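For reference, the chains in residue letters:
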Amino acid sequence: MALKNRKILLGVTGSIAVHKAVDLARRLTEQGASVHVVMTDAAKKFVTPLSFEVASQNKVHSDMFADPLSHITLAADADIVVVAPASANSIGKFAGGIADDLLSTCMLSVTGKALLAPAMNWRMYENGVLQRNLQFLISRGMLQVGPERGSLACGEEAIGRMADVPEILEAIRAALSEQDFSGRKIVVTAGPTREYIDPVRFISNRSSGKMGFAIARAAMRRGATVTLVSGPAQVNPPCRVEFIAVETAAAMREAVLGKLHDCAVLIMTAAVADFSPLRREDKKVDKSDSLTLNLKKTPDILAEIGAMKQRPLLVGFSAETGADLSRAKRKRKEKGADLMVFNNVESPGSGFDVDTNEITIIEADNVTTLPLMTKDEAADALLDRVSTFIS
Ligand code: C5P
């Protein structure tokens, strides 16, 4: 879900977390969104409007009377209104229908999407009045991100810290995405596995984890409840996704089987190591001129689940060297997968480490070859196909 050309109204209220909102405005603008900021008087005590004007490249609004219609047009023109930080006072005003400044007046005129990122001391956050106000707004369709537990302005370690900027960005993307996977449970595997020879050496496959992480992120944005089971990957886990870190194929198998209940779709992008040493030595093996390893095949997780009577929709990945689809087509059948995604790791811009991929989606009676695109776009394109199977 790209933020390019999306119109965002950012409401900023009085909290020490205002400095994070400057970064949020900057990141949204960098990603091509058109950002308009409304500041309350209290917010201006923490940061000057100039900071937001530089970050958003737009004039900051705060005077209700500067333009008599701004309280209607600002909200009506926006794809989403985001209030970050949302103070206890502002949440109380929104819930009570008080419209005594530009932001609270805008919030009363919002008919579209609105997201609140509360920030306050834990005593205020846990106060029943604040909770009642927040729950009322949520029952009316407003969305909430955070707050988190962490170090508060008062020095205490507790709930109340505004969600971090990447998490707010994810929440905005999710709010703007079509929720076609809402209520669905999706499990994604990613990254390589490690099969240990001894405590310091292992056999592994090449995989950055980027494709699987992009799929997990895209599914989460589209409303799915996502579990990402990953071997040691080179990228950070996405926000708002259950993350299970594993190392070996056996551990990945166990984690995936443990998550199959109620799972609608299993997407296995993991580059599972094909062989594992027959025995793992307890101590580091002495170096010698040569070493003979006895290997056994790792459990084929995809094939095992493919053979089950009751199973989720199964999507496998087949990384190949060369453009020939026949091996991927054969694997789809042999492993019992519904879809097999082929990618030629030798093709420029495809495969390991890079942020782009060129994939071909193989189904029983359909083959779709997609052009080179970002892994985020490829993830959405795959989910578009997947959604036709589960709706
Ligand atoms: O046979 P190959 O490794 O090419 O198959 C790729 C697909 O099978 C991927 O979806 C991968 O995650 C899955 N796989 C598996 N267990 C293995 C090997 C591969 O689930 N031991």
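Note that the coordinates shown come from a computational prediction; the quantities given were computed from them, not determined experimentally.

Thresholds applied
Residues numbered from 1 in each chain as written. Predicted model: local features only at pLDDT ≥ 70, side-chain atom pairs only at ≥ 80, totals over all residues. Heavy atoms only, no water. Near = heavy atom within 4 Å. Polar contact = N/O pair within 3.5 Å; in protein donor to acceptor, adjacent residues only side chain to side chain. Areas by Shrake-Rupley, 256 points an atom, 1.4 Å probe, with all protein chains shown as cover. 1 Å grid on protein atoms, 1.4 Å probe; cavity = no way out; pocket = protein on both sides within 12 Å on 5 of 7 lines; lining within 4 Å. Sits in = over half its atoms within 2 Å of the grid points. Helix = DSSP H or I, 4+ residues; strand = E, 2+ residues; numbered from the N terminus. Phe/Tyr/Trp six-rings, centres within 6.5 Å; stacked < 30°, edge-to-face > 60°. Axes fitted to C-alpha atoms, helices over the stretch in contact; angles between N-to-C directions. Parallel < 35°, antiparallel > 145°, perpendicular 65-115°, else oblique. Left-handed = near helix turned anticlockwise from the far one by under 90°. Contact = heavy atoms within 4.5 Å. Nonpolar A, V, L, I, M, F, W, Y, C, P; charged D, E, K, R; others polar. Pairing = 2+ DSSP bridges.

Draft legend 1. Representation of the site of the ligand. Inspection of the region around the ligand gives 13 residues, with Met-268, Ala-270, Pro-299, Leu-302 and Lys-331 positioned closest. Within the backbone of Met-268, an N or O atom sits 2.7 Å from an oxygen atom of the ligand. Within the backbone of Phe-317, one N or O atom sits 2.9 Å away from an oxygen atom of the ligand. A total of 450 Å² of accessible area belongs to the ligand in isolation, and the protein chains cover 86% of it. Judged by its atoms lying within 2 Å of the grid points, the ligand is housed in the largest pocket. Breaking the shell around the ligand down by element, the ones donating at least two residues are α12 (301-306), β16 (313-320) and α13 (326-335).

Draft legend 2. A look at the packing of aromatic side chains. Counting across every chain of the model gives two aromatic pairs. Taking 5.5 Å as the distance between ring centres and 70 degrees as the angle between the ring planes, the aromatic pair formed by Tyr-196 and Phe-202 counts as edge-to-face. With a centroid separation of 6.0 Å and an interplanar angle of 70 degrees, the aromatic rings of Phe-213 and Phe-243 are classed as edge-to-face. Residue Phe-213 is located in helix α10 (residues 210-221), and its partner Phe-243 is located in strand β12 (residues 242-245); the two are separated by 30 residues in the primary sequence.

Draft legend 3. View of the packing of helix α4 (residues 70-77) against helix α6 (residues 102-109). Their axes nearest at 8 Å, the elements α4 and α6 cross at an angle of 55 degrees. The pairing of α4 with α6 is recorded here as oblique in orientation. In terms of crossing hand, the pair formed by α4 and α6 is right-handed. Contacts between α4 and α6 involve Ser-70, His-71, Ile-72, Leu-74 and Ala-75 on the former and, on the latter, Leu-102, Thr-105, Cys-106 and Ser-109. Its residues assigned to classes, the contact of α4 with α6 comprises five nonpolar, four polar and no charged.

Draft legend 4. Geometry of the sheet that holds strand β3 (residues 80-86). Sheet architecture is open: five strands sit in the order β2-β1-β3-β4-β5, paired in parallel fashion. Edge positions in the open sheet fall to β2 (34-39) and β5 (143-144), since each of these has one partner strand only. Two strands pair when backbone bridges link them, and strand β1 (residues 7-12) and β3 are joined in this way by four bridges, in the parallel orientation. Across the sheet, the residue bridging to Gly-11 is Val-83, located in β3. Strands in contact with helix α3 (residues 49-56) are β1 and β2; relative to β2, the strand with the most contacts, it is inclined by about 170 degrees.

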